[in-house]
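# Descriptive analysis of the structure
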Amino acid sequence: MSSQAMAGKIVLVTGATSGIGESTARGLAAIGATLILVGRSEEGAQAARERIQAAVGAGKIHVLVGDLASQRDVRALARDFLHRFDRLDVLVNNAGVDVGSRSVTPEGLELTFAVNYVAPFMLTTLLLDVMKASAPSRIVNIASAAHRAGRIDFDDLQSERRFGQRAYNNSKLALVVFTYELARRLQGTGVTANCVDPGFVRTSLGSTMPVGYRLAGTLMWPFMARPEKGARTSVWAASSPELAEVTGAYFKAERPVETTQTTHDRETAQRLWQVTGTLVAGTTSP
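The text that follows walks through the structure, step by step, so that each part is easy to find. Since the model is a prediction, treat every value here as computed from it, not as a measurement.

In this section: the environment of Gln-270. As for its placement among the helices and strands, Gln-270 is situated in helix H9 (residues 266–279). Overall, the relative accessible area of 43% leaves Gln-270 in the partly exposed class. C-alpha of Gln-270 to C-alpha of Val-177: the two residues are 93 residues apart in sequence and 9.2 Å apart in space.

H9 packs onto helix H5 (residues 165–185) with a crossing angle of 95° between their chain directions and a minimal axis gap of 9 Å. By the angle between their axes, H5 is roughly perpendicular relative to H9. Along the contact surface, H5 presents Ala-174, Val-177, Phe-178, Glu-181, Leu-182, Arg-184 and Arg-185, while H9 presents Arg-266, Ala-269, Gln-270, Leu-272 and Trp-273.

Okay, unusual backbone geometry next. Between Ala-135 and the following residue, Pro-136, the backbone shows a cis peptide bond with an omega angle of 5°. Its identity as a non-glycine residue notwithstanding, Ser-159 has a phi of 50°, on the positive side. Within the fold, Ser-159 resides in the loop between strand S5 (137–142) and H5. Overall, the relative accessible area of 3% leaves Ser-159 in the buried class. The residue Ala-253 is not glycine, and still its phi comes out positive at about 50°. Among the secondary structure elements, Ala-253 is positioned in the loop between strand S7 (250–252) and strand S8 (255–256).

Contact pair helix H1 (residues 19–29) / helix H2 (residues 42–56): the axes reach a minimum separation of 10 Å and the direction vectors enclose 40°. Here H2 runs oblique to H1, going by the angle between their axes. Once H1 is placed against H2, the crossing between them reads as right-handed. Residue-level inspection shows Glu-22, Ala-25, Arg-26 and Ala-29 of H1 in contact with H2, the latter providing Ala-48, Arg-51, Ile-52, Ala-55 and Val-56. Looking at the contact of H1 with H2 residue by residue, the class counts come to six nonpolar, no polar and three charged.

This next bit is on the pattern of salt bridges. A full pass over the atoms with the stated rule returns seven salt bridges. The closest approach of N and O atoms between Arg-87 and Asp-89, which form a salt bridge, is 2.5 Å. A salt bridge links Arg-151 to Asp-153, with the nearest nitrogen and oxygen atoms 4.0 Å apart. Bridged by salt links that share partners, the residues Glu-22, Arg-26 and Arg-51 form one connected network.

Moving on, we come to empty space enclosed by the protein. Within this structure, the stated rule accounts for three cavities of 30 Å³ or more. In this structure, the largest cavity occupies an estimated 80 Å³ of space. Glu-110, Phe-113, Arg-151, Ile-152, Asp-153, Asp-156, Leu-157, Ser-159, Ala-167, Asn-170, Ser-171 and Ala-174 together form the lining of the largest cavity. It is H5 that contributes the most residues to the lining of the largest cavity, four residues altogether. Residue composition of the lining of the largest cavity, grouped by class: five nonpolar, three polar and four charged.

Another point: the side chain of Thr-112. Mapping Thr-112 onto the fold places it in helix H4 (residues 111–133). With residues near it in sequence (within four places) discarded, Thr-112 still touches Val-97, Val-99, Tyr-117, Phe-163, Ala-167, Tyr-168 and Ser-171.

On to the nonpolar core. In terms of nonpolar packing, the biggest core is built from 45 residues, with Leu-12, Phe-81 and Leu-88 touching the most fellow members. Those elements that provide at least two residues to this core are strand S1 (10–13), strand S2 (34–39), helix H3 (71–84), H4, H5, strand S6 (191–197) and H9. Looking at this core element by element, the count peaks at 13 residues for H4. Counting residues in each nonpolar core, the second largest holds 26 residues, with Ala-29, Leu-37, Ala-48 and Ala-249 among its members.

Let us look at H4. Residue pairs spaced three or four apart in an α-helix point in one direction, given the helix's 3.6 residues per turn. Between the first and last C-alpha of H4 there are 32 Å, a value that for 23 residues agrees with the 33 Å anticipated at 1.5 Å per step. At Leu-127, H4 shows its maximal kink, close to 50°. Taking burial as the measure, the 23 residues of H4 include 20 buried ones, the bulk of the element.

How each quantity is defined
- Residues numbered from 1 in each chain as written.
- Predicted model: local features only at pLDDT ≥ 70, side-chain atom pairs only at ≥ 80, totals over all residues.
- Heavy atoms only, no water.
- Helix = DSSP H or I, 4+ residues; strand = E, 2+ residues; numbered from the N terminus.
- Buried < 20%, exposed > 50% of the residue type's maximum accessible area, 1.4 Å probe, protein only.
- Axes fitted to C-alpha atoms, helices over the stretch in contact; angles between N-to-C directions.
- Parallel < 35°, antiparallel > 145°, perpendicular 65-115°, else oblique.
- Contact = heavy atoms within 4.5 Å.
- Left-handed = near helix turned anticlockwise from the far one by under 90°.
- Nonpolar A, V, L, I, M, F, W, Y, C, P; charged D, E, K, R; others polar.
- Salt bridge = Lys/Arg side-chain N within 4 Å of Asp/Glu carboxyl O.
- 1 Å grid on protein atoms, 1.4 Å probe; cavity = no way out; pocket = protein on both sides within 12 Å on 5 of 7 lines; lining within 4 Å.
- Points joined across faces, edges and corners; volume = space filled by probe spheres on them.
- Core = buried A, V, L, I, M, F, W, Y, C linked by side-chain atoms within 4.5 Å.
- Expected span 1.5 Å × (residues − 1).
- Bend = angle between axes of the 7 residues up to and from the residue.

Structural data, given as structure tokens:
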């Protein structure tokens, strides 16, 4: 791909201060994209910006700060973006968490569900108008094979009765369900929505998990891919001309992969969208 394949394109990447997010941003900067890096702190985001600029030798790289666990911050993030930029060609919803014990956000939502699913739902819907105006444009949601073990339990979306690894699995399933429903709703707008599974990658995700999980992760470390490899499909999904009109798909290693039956259940998708809309009521306009 040409070193300027994304020249003139504006790309926003969440969770861009480390791991797959930073590697995705670096890969897109290397082919000419103008980047907006989203991080939880100014210090962390600026450090990532400096690393990426040093790696690619050039590039237009901007920083936005916000904690995606906070709906107030997500709304402010969208507002700041719209104040500074008049177009958005690619949105990469990459930020995610996998925590060891249940905690809640300022709005009272379970943290994993809020960051991995509700935040992408919010940020995407807040930026949809500018993405439609920028069409053709793309939404790339970073998913996980963990969705296969997930369940959409409308009676326990906040994992109040049961927590553990299922909370992460469920949040990733919700993200895939959302992506497919979003793709259906965006038909004819010129905006595509797809999922990317980066595979088993060495990142800091899960660093707050119980000791047993962290030990298992350490043992698996030699078998995990480096973030740069995990980000290849994200960069491809965000930039490849062959995906210009592809939407509602799930990719791994630059190949389409079939997902679970639940992800294709339209009744579940529509109900989840409605419930999520209620959870973010009053926060879907910047």
